[in-house]
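Here is what each chain is made of, one letter per residue.
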Amino acid sequence: MTLRAAGAVALAAVLALGACGTTFVDQTVDTVDTSPDATTTTLAPVDRDAPIDELLAEIELLMFDLDQRITDEDGAVDTLARIDELWGSAERRIRAADPDDLFNFEQAIELARSGVERRRPADASKGYKIIADVSDAYLGRS
């Protein structure tokens, strides 16, 4: 048997044996309540014509505890989706009126995204600090 053939046999064995495994079903995990009495929270759609200060205030509020939501695995993805929706409205107005101010806002939003997507609460925390500072500075001079 050649070295190449031996390598192919070894690779096939590893792949075949690697597919074997034991599946465990955790009986202690709670199930989702699908009864008619179960409630869900639905946020109102973003008012695309809302004043910029309201949009930025809601973004800041949502980013305030985003780091903890990431840690607790408690709605961080939904919170980020809402932040992105709000930012879509705020961003177009800032771009039209003050394009030079976009960088710091975008930096804060990107940190929120990386915090949620990469499970890095510290990024979300930094994003909150930046959004709070740049929102205050932006609204203070607008």
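In the block above lies the structure referred to throughout.
Residues numbered from 1 in each chain as written. Predicted model: local features only at pLDDT ≥ 70, side-chain atom pairs only at ≥ 80, totals over all residues. Heavy atoms only, no water.

### Describing the overall build of the chain
Consideration 1: In terms of regular secondary structure, the chain is built from 6 helices and 0 strands.
Consideration 2: A burial count over the chain gives 27% of its 142 residues as buried.
Consideration 3: Long-range pairs, those at least 24 residues apart, make up 69% of the contacts in the chain between residues at least 6 apart in sequence.
Consideration 4: By element, 55% of the accessible surface of the chain is carried by carbon and sulfur atoms, the whole surface being about 10000 Å². (Helix = DSSP H or I, 4+ residues; strand = E, 2+ residues; numbered from the N terminus. Buried < 20%, exposed > 50% of the residue type's maximum accessible area, 1.4 Å probe, protein only. Contact = heavy atoms within 4.5 Å. Areas by Shrake-Rupley, 256 points an atom, 1.4 Å probe, with all protein chains shown as cover.)

### A closer look at the side chain of Asp123
Consideration 1: Mapped onto the secondary structure, Asp123 falls in helix 6 (residues 121–141).
Consideration 2: The class of Asp123 is buried, set by a relative accessible area of 5%.
Consideration 3: Polar contacts involving the side chain of Asp123 include one to the side chain of Arg120, which spans 3.0 Å.
Consideration 4: The residues touching Asp123, leaving out its near neighbours within four places in the chain, are Leu111, Ser114 and Gly115. (Polar contact = N/O pair within 3.5 Å; in protein donor to acceptor, adjacent residues only side chain to side chain.)

### Points about the pattern of salt bridges
Consideration 1: In this structure the tally under the stated criterion is 10 salt bridges.
Consideration 2: The closest approach of N and O atoms between Arg82 and Glu85, which form a salt bridge, is 4.0 Å. Here the residue Arg82 and the residue Glu85 both occupy positions in helix 4 (residues 76–97), the gap between them amounting to 3 residues, near one helical turn.
Consideration 3: With relative accessibility at 9%, the residue Arg82 sits in the buried group.
Consideration 4: When its relative accessible area of 30% is taken as the criterion, Glu85 is described as partly exposed.
Consideration 5: One salt bridge connects Asp123 with Lys126, and the closest N-O pair in it is separated by 3.9 Å. Of this pair, Asp123 and Lys126 both sit in helix 6, 3 residues apart, which is roughly one turn of that helix.
Consideration 6: By sharing partners, the salt bridges in this structure join Glu58, Arg82 and Glu85 into a single network. (Salt bridge = Lys/Arg side-chain N within 4 Å of Asp/Glu carboxyl O.)

### Comments concerning the packing of aromatic side chains
Consideration 1: Taken as a whole and assessed by the stated rule, the structure comprises 3 aromatic pairs.
Consideration 2: Three or more aromatic residues joined by ring pairs make a cluster, and in this case those are Trp87, Phe105 and Tyr138. (Phe/Tyr/Trp six-rings, centres within 6.5 Å; stacked < 30°, edge-to-face > 60°.)

### Some thoughts on the packing of helix 4 against helix 5 (residues 102–117)
Consideration 1: Interaxial distance between helix 4 and helix 5 falls to 11 Å at its minimum, and their mutual angle equals 165 degrees. By the angle class used here, helix 4 and helix 5 are roughly antiparallel. At the point where helix 4 passes helix 5, the crossing takes the left-handed sense. Along its contact with helix 4, which presents Ala76, Val77, Leu80, Ile83, Asp84, Trp87, Glu91, Ile94 and Arg95, the element helix 5 presents Leu102, Phe105, Glu106, Ile109, Ala112, Arg113, Val116 and Glu117.
Consideration 2: Partitioned by chemical class, the residues of the contact of helix 4 with helix 5 number 11 nonpolar, no polar and 6 charged. (Axes fitted to C-alpha atoms, helices over the stretch in contact; angles between N-to-C directions. Parallel < 35°, antiparallel > 145°, perpendicular 65-115°, else oblique. Left-handed = near helix turned anticlockwise from the far one by under 90°. Nonpolar A, V, L, I, M, F, W, Y, C, P; charged D, E, K, R; others polar.)

### Side note on unusual backbone geometry
Consideration 1: Positive phi is not limited to glycine here, since Glu73 has a value of about 55 degrees.
Consideration 2: Mapped onto the fold, Glu73 is located in the loop between helix 3 (66–72) and helix 4.
Consideration 3: The phi dihedral of Arg119 is positive, around 55 degrees, even though this residue is not glycine.
Consideration 4: Here Arg119 lies in the loop between helix 5 and helix 6.
Consideration 5: Under the relative-accessibility criterion, Arg119 is labelled partly exposed at 47%.

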